[in-house]
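Residues per chain are reported as follows:
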Amino acid sequence: MRCNMYPTIFGLYEPSSIYDTLDFLDNGNAKIIAGGQSLIPMLKLRVIQPKFLVDLNKLRGDLDYIEDRGKSIGLGSLATHAKISTDQIVKSKIPLLSVTASKVGDMQVRNLGTLGGSVSNADPSADYPAVLLAYDATLTLISSGGERKVKASEFFKGPFSTELKDNEILREVEFPVLEGYAYKYEKIVRRAGDFAMVGIAVLAKVSDKVEDLRIAYTGVGEKAYRPYELEKELVGKKVTRDDLEKFAEKVSATLTPPSDSRGSSSYRKKVAKIATIKTLSEVLGVVS
Amino acid sequence: MLVRPGEKVKVKVKVNGIWYEKEVEPRKLLVHFIREDIGLTGTKIGCDTSTCGACTIIMNGKSVKSCTLFAFQANGAEITTIEGIGDSKLHPIQEAFKDNFALQCGYCTPGMIMQTYFLLKTNPNPTEEEIKDGLHGNICRCTGYQNIIKAVKDAAGRMR
Ligand SMILES: Cc1cc2nc3c(=O)[nH]c(=O)nc-3n(C[C@H](O)[C@H](O)[C@H](O)COP(=O)(O)OP(=O)(O)OC[C@H]3O[C@@H](n4cnc5c(N)ncnc54)[C@H](O)[C@@H]3O)c2cc1C
Ligand code: FES
Ligand code: FES
């Protein structure tokens, strides 16, 4: 029947509540399935061989919310990329997330893939991690032992590695509403629908000078990266093209991109530099 | 509900208007469920890695790649495959693909048409950019895409 890739045999647990899920995870040797858009390829390649899958989609009604809390927006981990990219609250209150969601994979992938799945998976080239860093988002993790909140800057540990323990699930991601910020997600790919070779998420508050700047990168290191110290060099200034070039040069020098099928390390550093200049000129309104 | 490793899980799905109920392994992919257990072979497997879109079907109103979905995830769902879009005659999207020479070998075509079906349902009047954005998860090795884009525009016109 199938000479091609097939997952190893596994069992299945369909929970009826989040608490069931957490109790089951305490037994070990189980993996959560959300959209399956990263998990199923990994199961097929047999790089993971869990004894059980736990189908989180049974809890969709409780976990795919998008909640306007005034100063922040809370998104349940099961919100799909498609839902995030078309939701009006996200579009008007946290627009950088909205535009980024519409650039994840392709339409079919966006119909299934979820925010929580992407963030938990922590692919070093995934799009959301950079956006979470730029917003300084807060993640809520839950286990049978209780709930804890973690900042995006502490959540991502390395390639496919996060703060999540095996018996924990990501319940939600909360984004602060930043009023009056310009934004852009610049994604450079080799072909449509691919992961980012370089991805840059920018949020900036600009008057006659730059009042706040948050710039975060994906695809150019072990995990998403935000040059907090260098950002400060552009704040409080009326930024010129020359400033941008110096800034981009310095950022590029700190990056440690991998060499892989998406491009060599040195090429990615060059692309990151040019893309930084281009993206920031646009967001900060710098004319060259 | 607990299904131990090696046990089967009951999957009930409505495909093209008909309910089917089968016991399958949890690891069975939806595309194999559709092709082998139900016997509808219009849906193709091109890459098996969620890259090519040949396996695209509509599940609960949304286009998905059935090679990257387990059959158990479709339990209770309504599914439409290429066999289910026209009645006794071709669907306008199928007509448009035929009339615009939007296929050569035809292997990608069921997926292209199902994705077009979803695209035109969410956006009945897409621009060329929107068509490209909507279809870039579907790969065609033959046509060079130009006639596919023409066909989608034509189909949008026919369906208005
Ligand atoms: C063709 C293709 C192109 C893609 N392109 C891109 C792209 O351009 N950019 C991009 O960022 N991504 C891309 N992706 C990945 C996509 O965004 C996935 O949707 C995402 O990485 C995983 O989300 P999921 O809901 O499918 O999670 P799953 O695949 O179900 O799970 C992924 C991992 O996270 C764990 N997990 C899931 N949910 C939770 C939770 N709530 N708590 C704890 N652990 C959890 C699972 O156990 C698993 O280990 C692409 C995928 C495909 C197939
Ligand atoms: S066979 Fe499913 S995307 Fe290629
Ligand atoms: S017609 Fe042959 S792959 Fe598209």
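In this text, all values refer to a predicted model and were calculated from it rather than measured experimentally.

1. A few points about helix 4 (residues 128–135) of chain B
Then step 1. If you check which residues of helix 4 of chain B are buried, you get B:Ile131, B:Gly134 and B:Leu135. Each buried residue of helix 4 of chain B lies within a common arc of 85° when the element is viewed along its axis, so the set occupies one face.
Then step 2. In this structure, the buried side of helix 4 of chain B is in contact with helix 7 (107–112) of chain A together with helix 3 (109–122) and helix 5 (146–159) of chain B.

2. A closer look at the packing of helix 3 of chain B against helix 5 of chain B
Residues and elements named next belong to chain B.
Then step 1. In the contact formed by helix 3 and helix 5, the axes pass within 11 Å of each other and the chain directions differ by 45°. Here helix 5 runs oblique to helix 3, going by the angle between their axes. For helix 3 against helix 5, the interelement crossing comes out right-handed. Of the residues in helix 5, those touching helix 3 at Met112, Thr116, Leu119 and Leu120 are Ile148, Val152, Ala155, Ala156 and Met159.

3. Side note on the pattern of salt bridges
Then step 1. A complete count under the given rule lists 37 salt bridges over all chains for this structure.
Then step 2. In this structure, A:Glu245 engages A:Arg241 in a salt bridge whose closest nitrogen and oxygen atoms are separated by 3.0 Å. With a gap of four residues between them, A:Glu245 and A:Arg241 both fall in helix 12 (residues 241–254), about one helical turn apart.
Then step 3. One connected set of salt bridges, linked through shared partners, spans B:Glu95, B:Lys98, B:Asp99, B:Asp154 and B:Arg158.

4. Considerations on the domain arrangement of chain B
Residue and element names in this part refer to chain B.
Then step 1. For chain B, the assigned domains read domain 1 (9–84) and domain 2 (92–159).
Then step 2. Here the C-alpha centre of domain 2 lies 21 Å away from the C-alpha centre of domain 1.
Then step 3. Taken together, the contact between domain 1 and domain 2 spans 18 residues of the former and 13 residues of the latter.
Then step 4. Ranking the residues of domain 1 by area buried against domain 2 places Thr56, Ile58 and Ile82 at the top, with a combined share of 35%.
Then step 5. On the surface where domain 1 and domain 2 come into contact, there are zero salt bridges.
Then step 6. At the boundary of domain 1 and domain 2, one finds six residue pairs in polar contact (both at pLDDT 80 or more).

5. Examining the environment of A:Thr276
Residues and elements named next belong to chain A.
Then step 1. Among the structural elements, threonine 276 can be located in helix 13 (residues 265–284).
Then step 2. Along the chain, threonine 276 and glutamate 147 lie 129 residues apart, while their C-alpha atoms are 37 Å from each other.
Then step 3. Setting aside its immediate chain neighbours within four residues, threonine 276 contacts Ile200, Ile215, Tyr217, Phe247 and Ala248.
Then step 4. At 2.5 Å, the side chain of threonine 276 and the backbone oxygen of alanine 272 are in polar contact.

6. A look at the sheet that holds strand 5 (residues 62–65) of chain B
All names here are of chain B.
Then step 1. The strand order across the open sheet formed by five strands is 3-2-6-4-5, and the pairing between neighbours is mixed. Pairing within the sheet leaves two strands with one partner each, and these edge strands are strand 3 (18–24) and strand 5. Averaged over all pairs of adjacent strands, the angle between strand axes in this sheet comes to 40°, irrespective of strand direction.
Then step 2. Contacts from helix 1 (residues 30–37) reach strand 2 (9–15), strand 3, strand 4 (56–59) and strand 6 (78–80) within the one sheet, and its direction differs from that of strand 3 by about 110°.
Then step 3. Where helix 3 meets the sheet, it contacts strand 4, strand 5 and strand 6, and its direction lies at approximately 35° from that of strand 4.

7. What to know about the site of ligand 1
Then step 1. Residues in contact with ligand 1 amount to 32 residues; listed here are only the nearest, A:Ile32, A:Ser38, A:Leu39, A:Thr114 and A:Lys187.
Then step 2. Chains contributing residues to the immediate surroundings of ligand 1 are chains A and B.
Then step 3. One of the backbone N or O atoms of A:Ile32 is found 2.7 Å from an oxygen atom in ligand 1.
Then step 4. The separation between a nitrogen atom of ligand 1 and a polar side-chain atom of A:Ser120 is 3.3 Å.

8. A few points about the packing of helix 2 (residues 92–99) of chain B against helix 3 of chain B
Residue and element names in this part refer to chain B.
Then step 1. Where helix 2 meets helix 3, the closest approach of the two axes is 10 Å, and the angle between their N-to-C directions is 125°. What the angle tells us is that helix 2 and helix 3 run oblique. The handedness of the crossing between helix 2 and helix 3 is right-handed. Residue-level inspection shows Ile93, Gln94 and Phe97 of helix 2 in contact with helix 3, the latter providing Thr109, Met112, Ile113, Thr116, Tyr117 and Leu120.
Then step 2. Class assignment for the residues of the contact of helix 2 with helix 3 results in six nonpolar, three polar and no charged.

Conventions used here
Residues numbered from 1 in each chain as written. Chains lettered and ligands numbered in written order. Predicted model: local features only at pLDDT ≥ 70, side-chain atom pairs only at ≥ 80, totals over all residues. Heavy atoms only, no water. Buried < 20%, exposed > 50% of the residue type's maximum accessible area, 1.4 Å probe, protein only. Helix = DSSP H or I, 4+ residues; strand = E, 2+ residues; numbered from the N terminus. Arc of directions from axis to C-beta. Contact = heavy atoms within 4.5 Å. Axes fitted to C-alpha atoms, helices over the stretch in contact; angles between N-to-C directions. Parallel < 35°, antiparallel > 145°, perpendicular 65-115°, else oblique. Left-handed = near helix turned anticlockwise from the far one by under 90°. Salt bridge = Lys/Arg side-chain N within 4 Å of Asp/Glu carboxyl O. Domains from an automatic or database assignment. Buried area = accessible area lost by both parts, 1.4 Å probe. Polar contact = N/O pair within 3.5 Å; in protein donor to acceptor, adjacent residues only side chain to side chain. Pairing = 2+ DSSP bridges. Near = heavy atom within 4 Å. Nonpolar A, V, L, I, M, F, W, Y, C, P; charged D, E, K, R; others polar.

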